Each structure stands twice: as structure tokens, then as C-alpha cells.
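Residues per chain, in single letters:
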Amino acid sequence: MPAILSEATTANYGGDEAGLICGFLFDGDGIGRPVSSADAAEWVQGAGHPGPDAVTPRFAWLHFNLSQVAAERWLVRHASLSDDFFEMLHDGLFSTRIERADQALTAVINDVHFDFELDASDISTLWISVDRRLVVTARRHPLRSVDHLRTAVNRGEAIRSTSDLLERLMRTQADVLVGIVRSVTDHIDKIEDQLLAGRLTTKRSRLGGLRRVLVRLQRLLAPEPAALFRLLQNPPGWMAPNDVQELRAATEEFSVVLRDMQALQERIKLLQEEIAASVNEDNNRSLFVLTIVTVLALPINILAGLFGMNVGGIPLAEDAHGFWILLALVFGFTVGAGWIVVRKHRKDRQG
């Protein structure tokens, strides 16, 4: 049995000298024991010829950090993975897909960063290779779902097979998405309460940011259930019927989460429209007040301009009560203009 990793090695989340973030060998009870990259290489090379020892590991999970150049070299040298897996690493296509390569599965899935803060840029890719005895996952940024799965294995949760590990990863990813949906829903609930109370302080740009996050997540993750469903129509021979059924159930749960995300997008869209309507109404009210002020000031400006001319024949220039007569004239014009504007505004609202 390969030696267990030291605490100092497992604490190095960035990966060891081979880029291995974490590695586990699973025994017959499904309990994972950490291993180093050197011990993992030794086990992988002898995996096809298991000894008679009853505690010989049944399968392994190796998780790599592709930001370290040594990681891909180790995989090429020791893991004996399908060429399709390495093509996926370099083809520059990050859309979700799951394909079959002989008796192995290769997949590209997308996940949120470990420190995800509801930002559309906090989403990265995870590359996966699965066969009967080995699961390899590789990423360039710390991802939340894989870290949750790693924590569960360290906690001693039993995983029966490589198919079970893939199914656990799918369910963990769905749980992470549920957490995101709940967080966004909480934001939206607060914004709705503020809108109903008439004291909205949230800008439309904040809603737009939340909507962009959900749109990008859905765009990247939506193909995942369909790809897995197609694969499960013709699964590899080493995948047990029970594992196929569990994967199908996990895929259905994932689809439900994606539908919830779509409904949340529509809810955000309606809120944006409601806020836009509220802003337009405030603008219209301000414009109406400005119009009233302009109309009321119009008679004053006209009369002041006329009577301010330095020409002869200005009426009431010699009248002792001329000022008051003009004041009454201006007041009458102002009241009349104001009444006309208000009456027209009321008719427009009623119509």
C-alpha cells in the first residue's frame, strides 16, 4: 500500500512538485487514503496487475493544478490517458461536453471559483477523465465543487467506484449552484421589498450584474445534462446499472437547478423593467414640474420685456396705479396659463 501523504504535503493546495493538488486511493470499502504523486505513479503503472493483497486499492482519484507545467508532463508520462483528453486541454473550447473515448470518459465541465463572489468572470473549466480504475481531474483555478468533494473524501465518506465519484461531483456541483441561486434569490427578495416600500436604493447595474452571472452560468452549464443523458444511452461496459441510474438522477437534479436559474433570470428582467418604469415616472414628474415653472414664468418674462423697452408710448407710465395694474395683469395671465397646463395634464392622465 503506498505511503500516506504528510500533513505538509496535503496542506499545499497549489499542488506538489508534479502539480498534484490531492490524490486518493480507494479501498474495497470506498474509503480514500491520500497519496503523493510518486506513489500515485507507482500505483497507476501497476494498476493493471493488482496483487493478491486483500487491501489492494480498487481505484484512484488524482486532482491536478494545470497552472504548474509539471502537471501535464506527469499525466503524459504516467497516467496513460486517452489522446482525446489532451486534445481537450488545448483546443480552446470551454463549452460543456462529455464524450466517450474507447472505454474511458472525457469531459469538460465548468464550475465557479472557490472564492466566487457573484461575478461573471469567476467561472472556470474542469477537465475530467474517467475509466474503471482511475479518475483524473485538472483545473487552472481553484474550483468550489471539487474542493467540496475533496473535503468529503478527507472526512471519510465512502465512494464505491469511479462512476460513483463522477456522480458525487455532479451532485456537489448542483449543490453549489443551488447555493448560488439561493444567494441571488435573497438579493432579489431584498430589492423587491425595497421597491414595494418605495425606498429603492439598488441601481439597475447591480441587477444587470446578477443577471449576467446567471446567463453565463446557464450558457456554460446548460449542455451538461443533455451531454450526460446522451452518454448514458450507451454507457461503458465497466459502469454498473446502479451507477448509471444514480448518474441519471444526478443529471435530473442538475436540470432542475438550471430551470430555477432561468426562472430567476426572468424575475430579474421583470424587476429591471419595473425599476426602469419607476425611473421614467420620476423623470416625467420632474419634467412636468419644470414645464409648469416655465409656463408660469412666461407671462412675467413677456411683460417685463415689453415694459422694459426704452421707447415712448409705454402704457400706464404716468398712471399712479400702473404698477398694481400690471401686477394684476401678470397674476391673471399666470393663473390662466397654470390652469390650462394642469387641465391638459389631467386629461392626458385620464386618457
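These figures come from a predicted structure and were not determined experimentally. (Residues numbered from 1 in each chain as written. Predicted model: local features only at pLDDT ≥ 70, side-chain atom pairs only at ≥ 80, totals over all residues. Heavy atoms only, no water.)

Structural notes on the pairing of strand β1 (residues 20-26)
No. 1: When you tally the buried positions in β1, you get seven out of seven residues, the bulk of the element.
No. 2: Alignment of β1 against strand β3 (residues 59-65), held across six bridges, turns out to be antiparallel. In the sheet register, glycine 23 faces β3, and the bridge partner there is leucine 62.
No. 3: The pairing of β1 with strand β2 (residues 32-34) spans three bridges and is classified as antiparallel. Bridge pairing in β2 places phenylalanine 26 opposite glycine 32.
No. 4: Following β1, the chain reverses through five residues before pairing antiparallel with β2; glycine 30 in that reversal takes a positive phi of roughly 80°. (Buried < 20%, exposed > 50% of the residue type's maximum accessible area, 1.4 Å probe, protein only. Helix = DSSP H or I, 4+ residues; strand = E, 2+ residues; numbered from the N terminus. Pairing = 2+ DSSP bridges.)

Quick look at the confidence of the model for the protein chain
No. 1: On average, residues of the protein chain score 79 in pLDDT, and 86% of them reach the 70 mark or higher.
No. 2: Taken together, the stretch residues 1-13 has pLDDT below 50 and engages in 23 contacts with residues farther than four places along the chain or on a different chain.
No. 3: Long-range and interchain partners of residues 48-55, a stretch whose pLDDT sits below 50, account for three contacts in this model, where long-range means more than four residues apart. (pLDDT = per-residue confidence, 0-100. Contact = heavy atoms within 4.5 Å.)

Considerations on the pairing of β3
No. 1: Of all the seven residues making up β3, seven are buried; the element is thus mostly covered by neighbouring parts of the structure.
No. 2: Burial along β3 is two-sided: the face carrying Phe59, Trp61, His63 and Asn65 and the face carrying Ala60, Leu62 and Phe64 are both buried.
No. 3: Across six bridges, β3 lies against strand β7 (residues 134-139) in parallel orientation. Residue pairing for β7: phenylalanine 64 is matched across the bridge by alanine 138.

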